[in-house]
Amino acid sequence: MISKKIKEDTMLLDKQKEWLSISLVECTNIGIKEHYTIDEFGKFETLCSRYSRTIDFLIRKYFRTLDAYEFENQGTLIDVVNNAHKRGLFKDIELLRNMKDLRNEIVHEYIEDALSELFDDVLKYTQNLLEIIENTLKYASKY
């Protein structure tokens, strides 16, 4: 049951990595500006959305599935993150905390100008997120 779940979640994570990578390339090519066209802003908004969904999926779902598969304590979200850190899926817990904080800012930002102020951080942290995903997929490949 859990083995099937980890395989399904791995396929979802891999697909999300592809879409996130596409958005990152598009937005990196646009670059950080003072003003964006409607199309450019839409691409950054898509990147922000994909970033937010991916970090949620990774932490709240995928890391928990790994814990269940490896019979780890699935306590709090902090426990789940600490277990992922022990597995070597990322090097710096503070970095992951900052990435999650950025996700919270994105989700609660309703004004266009305020969202565009986050674009530089989204570009930076998306690259970090892709590295964590890659580490996670390598780790999970043994299953």
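Worth saying up front: this structure is predicted, and the values here are computed from it rather than measured.

Cut-offs used in this document
- Residues numbered from 1 in each chain as written.
- Predicted model: local features only at pLDDT ≥ 70, side-chain atom pairs only at ≥ 80, totals over all residues.
- Heavy atoms only, no water.
- Axes fitted to C-alpha atoms, helices over the stretch in contact; angles between N-to-C directions.
- Helix = DSSP H or I, 4+ residues; strand = E, 2+ residues; numbered from the N terminus.
- Parallel < 35°, antiparallel > 145°, perpendicular 65-115°, else oblique.
- Left-handed = near helix turned anticlockwise from the far one by under 90°.
- Contact = heavy atoms within 4.5 Å.
- Nonpolar A, V, L, I, M, F, W, Y, C, P; charged D, E, K, R; others polar.
- Phe/Tyr/Trp six-rings, centres within 6.5 Å; stacked < 30°, edge-to-face > 60°.
- Buried < 20%, exposed > 50% of the residue type's maximum accessible area, 1.4 Å probe, protein only.
- Lys NZ or Arg CZ within 6 Å of the ring centre and 35° of its normal.
- Disulfide = S-S within 2.5 Å.
- 1 Å grid on protein atoms, 1.4 Å probe; cavity = no way out; pocket = protein on both sides within 12 Å on 5 of 7 lines; lining within 4 Å.
- Points joined across faces, edges and corners; volume = space filled by probe spheres on them.

A. Representation of the packing of helix α2 (residues 38-69) against helix α4 (residues 93-107) within the structure. Running from N to C, α2 and α4 point in directions that differ by 130°, and their axes come no closer than 9 Å. Comparing their axes, α4 and α2 come out oblique. Crossing geometry of α2 relative to α4 is assigned as left-handed. Contact residues: Cys48, Tyr51, Ser52, Ile55, Asp56, Ile59 and Arg60 in α2; Leu96, Met99, Lys100, Leu102, Arg103, Ile106 and Val107 in α4. The class makeup of the residues in the contact of α2 with α4 is nine nonpolar, one polar and four charged.

B. Structural context of the packing of aromatic side chains. Within the structure shown, the criterion is met by six aromatic pairs. Residues Tyr36 and Phe119 carry aromatic rings whose centres are separated by 5.3 Å and whose planes lie at 75° to one another, so their mutual orientation is edge-to-face. With Tyr36 in the loop between α1 (2-30) and α2 and Phe119 in helix α6 (residues 119-140), this residue pair connects regions lying 83 residues apart in the sequence. There is no split in this pair, since Tyr36 and Phe119 are both buried. On the basis of an interplanar angle of 25° and a centroid distance of 6.4 Å, the ring pair of Phe63 and Phe90 is categorised as stacked. Separated by 27 residues along the polypeptide, Phe63 in helix α2 and Phe90 in the loop between α3 (77-86) and α4 bring together distant segments of the chain. Its relative accessible area of 0% is what places Phe63 among the buried residues. Residue Phe90 is classed as buried on the basis of its relative accessible area of 5%. Looking at Lys142, its charged tip hangs above the ring of Tyr139, at a distance of 4.0 Å from the centre.

C. Up close: the state of the cysteines. In total, this model carries zero disulfides according to the counting rule given. Cys27 takes part in no disulfide bond, and the closest cysteine sulfur to it belongs to Cys48, at a distance of 7.6 Å. Note on Cys27: relative accessible area 0%, which makes it buried. Judged by relative accessible area, Cys48 falls into the buried class, the value being 1%.

D. Examining the layout of surface pockets more closely. There is about 200 Å³ of room inside the largest pocket. Residue lining of the largest pocket: Ile59, Leu77, Ile78, Val81, Asn82, Ile93, Leu96, Arg97 and Lys100, and that is the complete set. Mapped by element, the contributors of at least two residues to the lining of the largest pocket are α3 and α4. For the lining of the largest pocket, the class distribution of residues is six nonpolar, one polar and two charged. Of the pockets and cavities examined, the second largest pocket occupies roughly 150 Å³. Lining the second largest pocket are Gly88, Leu89, Phe90, Lys91, Asp92, Leu95, Asn128, Glu131, Ile132 and Asn135. No other element matches α6, which puts four residues into the lining of the second largest pocket. Classifying every residue of the lining of the second largest pocket by side-chain character gives four nonpolar, three polar and three charged.

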